[in-house]
Amino acid sequence: MDESNAAQDFAGDKTQPTADILALLSQNNNANIKTEPDSSSTTEFNALFSELTNESPHSPDAGVGRAVEALSKHGESTCATNDTSEREGTRTLFVTFVRVKSSAQIAYINHFLDVEATFPEAEKLFIKFLRGSSGVDLWKFYLTYVRRRNTGPKTRDIVRNSYEFALKHVGQDKDAGQIWDDYIEFLKAGDPSSTWEEQQQMDALRKTYHRAVQIPLENVECPWSQLETFENKFNSITAKKLLSDLSPAYTKARAFLRPLTNHLNVLYPPSKDLFLPSLPTFDAADRSLVGKWKAYLKWEESNPLEIEDKETLIRRIQGVYRKAVVRMRFYPEIWYMAYNWTTNGEKPDDALLILKAGIDANPTSNLLTFVYAEVMEQKEDYAKVHTAFEKLLQVQVKILDELQKNNPEDGSFNGSQPSSQSINTSFGSQQSAMTPPRLTELQERRTEYGLVYILYMRFARRAEGLQAMRKVFGKARKDKWAPWEVYEACGESPHMPCSMERMKYRPREDNHQGPHLVGRNIFEMVHSLFLLYPPVIHSLHMLDRFLLVEEHPSRYHALYQSPGYRDGQRRAIETQTLVLL
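Computed from a prediction, not measured in an experiment: that's the story for all the values here.

Draft legend 1. Examining the overall build of the protein more closely. Tallying secondary structure elements over the protein gives 27 helices and zero strands in all. When the 581 residues of the protein are sorted by exposure, 47% land in the buried category. Partitioning the contacts of the protein with sequence separation of at least 6, the portion at a separation of at least 24 is 66%. Summing over all exposed atoms, the protein offers an accessible surface of approximately 30100 Å²; the carbon and sulfur share of this is 51%.

Here's what the structure looks like:
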């Protein structure tokens, strides 16, 4: 397994999106694969598939996990077929499924280890699954296969290199104690034929012991006890000196194990069921879980073990983040932390792969898309920036349309006053005067949608000039979901030649000509489109100031006397009073 793929290892370590799994299942189901009617495994799988299609694929209670377990248990016979192409499709489906957990991967690979003729297929799967994997069980299974295939004395170097390769990836995991023990036993089992080979064996054992006892393994006492026996067997005085020098690192590893276990017990609660990441609901439990993950990741980054070797420290933290982005796949902030840490580690290519993987998992994330756009802008790859913003807008439009379809009574569309935020004209009739109104999900989503347009316009102005920004704003004007903030941002942008800030220093031109007219029209557009929406009162104040700068008292007086403006002022005053109360 070549290390040339190291740049892809981190980003490739992710669970398969359950939506993709469901799509593949649907595709496979439509292929009319012939099954054996008497097979209990087929019946079980079909029942699970039927249940899965009627539930949310991201739900922890959905049939995805049980379908994976059924496939893992019964293998390709679950959807057996004599057609070669259909069988290959079933195999692809299964491989897609079992990427979510190492136990499922092991079960699937096992189906190719019964006959030696299918060993090459198993080796291909090892390459596919092991790349970037943080599953200790899968690495142990791989080492068992390697030792099974290489039993002669001439192949010991292959086995030893395989152990080193595995320890490089998961050796810092607290559950990797069995791998260290097996490696030590393998080194002991060597049969040196000369004094030089015997000395080499002793040096290799001593080095491996020293590495193992400095890691907070679950069974760290075992290699320490074996090291004491090993050193005392040769020279008790030298052993005392060597053990004395190594004791502080061993003591630190043992002390580190307890807080590490406390962190992980909360993040990985014991469960017999297959774990699949689910979409967050952002309730108290989700917020608490994210907080605990962030605390743990920051703790690992602080290097509490005080590891001096930089490469060892990087491998340890990288392994921690691999597990984090698998477990918390649908939490963009965890992906951002992984990206940020990798960037600070001066690995920009790896960091970019992580960022792309995070966006694939969270296509609606403003955070990850904005960071990606910033990186691409710095690289002057403007086409990818446009693509990133356009994709984010498309995804969010679908969400807004779905929310409006499910909540037709929500009046936030087209800027009208939503019922959830209605404010009575009389303070005495206000039923909830002590509690300020809350935004609906549709309103919050629409505001976030507007933020995408605002940053898109700013990028276009910075990178490609005023015409590019106007093109983006022109698209926003035709978008029914573009909120009032987009118009205001365009009107008061310091980059706009029509902006109010720059108009202060521009000679006043004819009333019907000049770039200042554009800025005024933008604010008046907000006034006409979002007349009764309370937050727009801020934009109307901006129009106040703009007209005063323009020195148009007649237009200012007309605006001030308009019913919409005066009603908006009254609503804003009442809302602010409620907040103060």
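Let us keep going from here.
Draft legend 2. How the structure looks around unusual backbone geometry. Positive phi outside glycine occurs at glutamate 306, with the angle close to 55°. When you line up the elements, glutamate 306 lands in the loop between helix H14 (284–301) and helix H15 (310–327). Since its relative accessible area comes to 53%, glutamate 306 is described here as exposed. Notably, glutamate 380 is not glycine yet its phi reads approximately 60°, a positive angle. Relative to the helices and strands, glutamate 380 resides in the loop between helix H18 (366–378) and helix H19 (382–406).

Draft legend 3. Broad picture of the pattern of salt bridges. For the structure on display, the rule yields 18 salt bridges. A salt bridge links aspartate 203 to arginine 206; its shortest N-O distance comes to 3.7 Å. A residue pair is termed a helical-turn pair when its members lie 3 or 4 positions apart in one helix, as aspartate 203 and arginine 206 do in helix H11 (residues 195–212) at three residues. Taken together, the shared-partner salt bridges in this structure form one network comprising Lys174, Asp175 and Glu218.

Draft legend 4. Region of interest: helix H6 (residues 102–110). In terms of burial, H6 is a largely internal element, seven of the nine residues being buried. Those residues of H6 that fall on the buried side of the exposure criterion are Ser102, Ala104, Gln105, Ile106, Ala107, Tyr108 and Ile109.

Draft legend 5. Up close: H14. Counted at 1.5 Å a residue, the expected span for H14 with its 18 residues is 26 Å, and the 26 Å between its end C-alpha atoms agrees. Of all the positions in H14, only Asp286, Val290, Trp293, Tyr296, Leu297, Trp299 and Glu300 are classed as buried. Where H14 is buried, its residues touch helix H13 (236–267), H15 and helix H16 (332–344). Once H14 ends, the next one or two residues include asparagine 303, with phi positive near 55°.

The rules behind these values
Per chain, residues are indexed from 1 in the order of the written sequence. This being a predicted model, a pLDDT of at least 70 is required before a residue's local features are given, and a value of 80 or more before pairs of side-chain atoms are given or counted; all residues contribute to the totals for chains, interfaces and linings. Hydrogen atoms and water are omitted, and side-chain values are computed over all heavy atoms in the structure. Elements are defined by DSSP. Helices are runs of H or I of four residues or more, strands are runs of E of two residues or more, and each kind is numbered from the N terminus. Between buried and exposed lies partly exposed: a residue is buried under 20% and exposed over 50% of the maximum accessible area for its type, with that area taken using a 1.4 Å probe on protein chains only. By the convention used here, residues are in contact when the closest approach between their heavy atoms is within 4.5 Å. Per-residue accessibility takes into account occlusion by the displayed protein chains alone, with areas from the Shrake-Rupley method and a 1.4 Å probe. Every case where a carboxyl oxygen of Asp or Glu lies within 4 Å of a side-chain nitrogen of Lys or Arg is listed as a salt bridge. Here, expected helix span is obtained from the residue count minus one, scaled by 1.5 Å.

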